[in-house]
Amino acid sequence: ATGTGVTLRVLAQRGALNTPSGRLLVGVSVLDDLPAIALLTLALVLGSRVVTPGVGQPAAGLVLGLGGLVLGVLVAGASFPLSSWWLRRHGAFKTDPLGVVLLLIACSWVGEFTGLTSLLGALWGGVLLGRLAPMAEASTEARELRSSLGLLSDVFLPLYFIGVGMRIELSTLQQLASWQMAVVLIALGVALKL
């Protein structure tokens with residue numbers, strides 16, 4: 001689910017981000033990442049029936065996972081009319097790096113807390129930022145924001161994958177089923193890219 005970031009970085013370095021081909025590539029990359037994020041969210045919701053602490057029955061864990069998912073979708077859905085109200089009442093959000101980081105961290109936390117995953121929460125935060133801080137593509141503000149977000153992604157993206165890796169129990173790497181799943185996922189990833 002990092003293809004979009006890599007695509008954006010390469011196109012920006014080549015000065016091709018604002019071309020019609022560049023925009024098409026970014027759109028395709030985003031569409032390619034969305035199913036991966038949805039499958040990750042679904043895997044966590046279905047897996048919560050097994051790993052929910054303090055819940056005696058697997059069905060209760062599944063209900064809690066689906067309840068969190070519904071809560072997350074409701075919060076995200078409510079944020080869009082609220083962002084329109086904010087724009088009418090207070091104007092555009094100031095895009096200083098600290099404010100952007102706080103917005104994205106808050107959205108990631110809500111995504112993780114409700115079971116939507118922090119990755120989907122960050123995606124929601126990015127969409128929300130675009131609504132709260134509309135700006136012209138070639139403006140100085142937009143260039144500064146892209147520069148800040150590039151730096152932030154260089155720092156936080158590796159931390160995200162380290163965090164995901166730390167959740168894996170080493171004993172699962174000794175199970176044949178884990179390696180079979182890995183082969184299927186790698187084959188699927190390659191096939192979808194082709």
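Throughout what follows, the structure given in this document is the object of discussion. (Residues numbered from 1 in each chain as written. Predicted model: local features only at pLDDT ≥ 70, side-chain atom pairs only at ≥ 80, totals over all residues. Heavy atoms only, no water.)

1. Thoughts on the nonpolar core
- Within the largest apolar cluster, 10 residues are counted, these being Ala 76, Val 100, Leu 103, Cys 107, Trp 124, Leu 128, Leu 129, Leu 132, Ala 133 and Leu 145.
- Only helix H4 (97–114) and helix H5 (118–132) provide two or more residues apiece to this core.
- With four residues, H5 is the single largest residue contributor to this core.
- Aside from chain neighbours lying at most four places away, what touches Val 100 is Phe 93, Thr 95, Leu 129, Leu 145 and Leu 149. (Core = buried A, V, L, I, M, F, W, Y, C linked by side-chain atoms within 4.5 Å. Buried < 20%, exposed > 50% of the residue type's maximum accessible area, 1.4 Å probe, protein only. Helix = DSSP H or I, 4+ residues; strand = E, 2+ residues; numbered from the N terminus. Contact = heavy atoms within 4.5 Å.)

2. Section: the side chain of Ser 83
- As for its placement among the helices and strands, Ser 83 is situated in helix H3 (residues 58–90).
- Polar side-chain contacts of Ser 83 include one of 3.0 Å to the side chain of Arg 131.
- Apart from residues lying up to four places away in sequence, Ser 83 is in contact with Leu 128, Arg 131 and Leu 132. (Polar contact = N/O pair within 3.5 Å; in protein donor to acceptor, adjacent residues only side chain to side chain.)

3. Details of the packing of H4 against H5
- Axis separation between H4 and H5 bottoms out at 7 Å; the angle between their running directions is 140°. One finds that H4 runs oblique with respect to H5. The chirality of how H4 crosses H5 is right-handed. In contact with Val 100, Leu 103, Leu 104, Cys 107, Ser 108, Val 110, Gly 111 and Glu 112 of H4, H5 contributes Ser 118, Gly 121, Ala 122, Trp 124, Gly 125, Gly 126, Leu 128 and Leu 129. (Axes fitted to C-alpha atoms, helices over the stretch in contact; angles between N-to-C directions. Parallel < 35°, antiparallel > 145°, perpendicular 65-115°, else oblique. Left-handed = near helix turned anticlockwise from the far one by under 90°.)

4. So, the packing of aromatic side chains
- Tallied over the entire structure, the rule returns one aromatic pair.
- Between Trp 109 and Phe 113 the ring centres are 5.0 Å apart and the planes differ by 15°, which places this aromatic pair in the stacked class. Of this pair, Trp 109 and Phe 113 both sit in helix H4, separated by four residues, roughly a single helical turn.
- Among the residues examined, Trp 109 registers a relative accessible area of 56% and is labelled exposed.
- For Phe 113, a relative accessible area of 59% gives the class exposed. (Phe/Tyr/Trp six-rings, centres within 6.5 Å; stacked < 30°, edge-to-face > 60°.)

5. Quick notes on the packing of H4 against helix H6 (residues 140–166)
- Here H4 crosses H6 at 55°, and the two axes come no closer than 10 Å. Here H4 is positioned oblique relative to H6, judged by the angle of their axes. H4 and H6 meet at a crossing whose hand is right-handed. On the side of H4, the interface is formed by Pro 97, Val 100, Val 101 and Leu 104, while H6 contributes Leu 145, Ser 148, Leu 149 and Leu 152.
- Partitioned by chemical class, the residues of the contact of H4 with H6 number seven nonpolar, one polar and no charged. (Nonpolar A, V, L, I, M, F, W, Y, C, P; charged D, E, K, R; others polar.)

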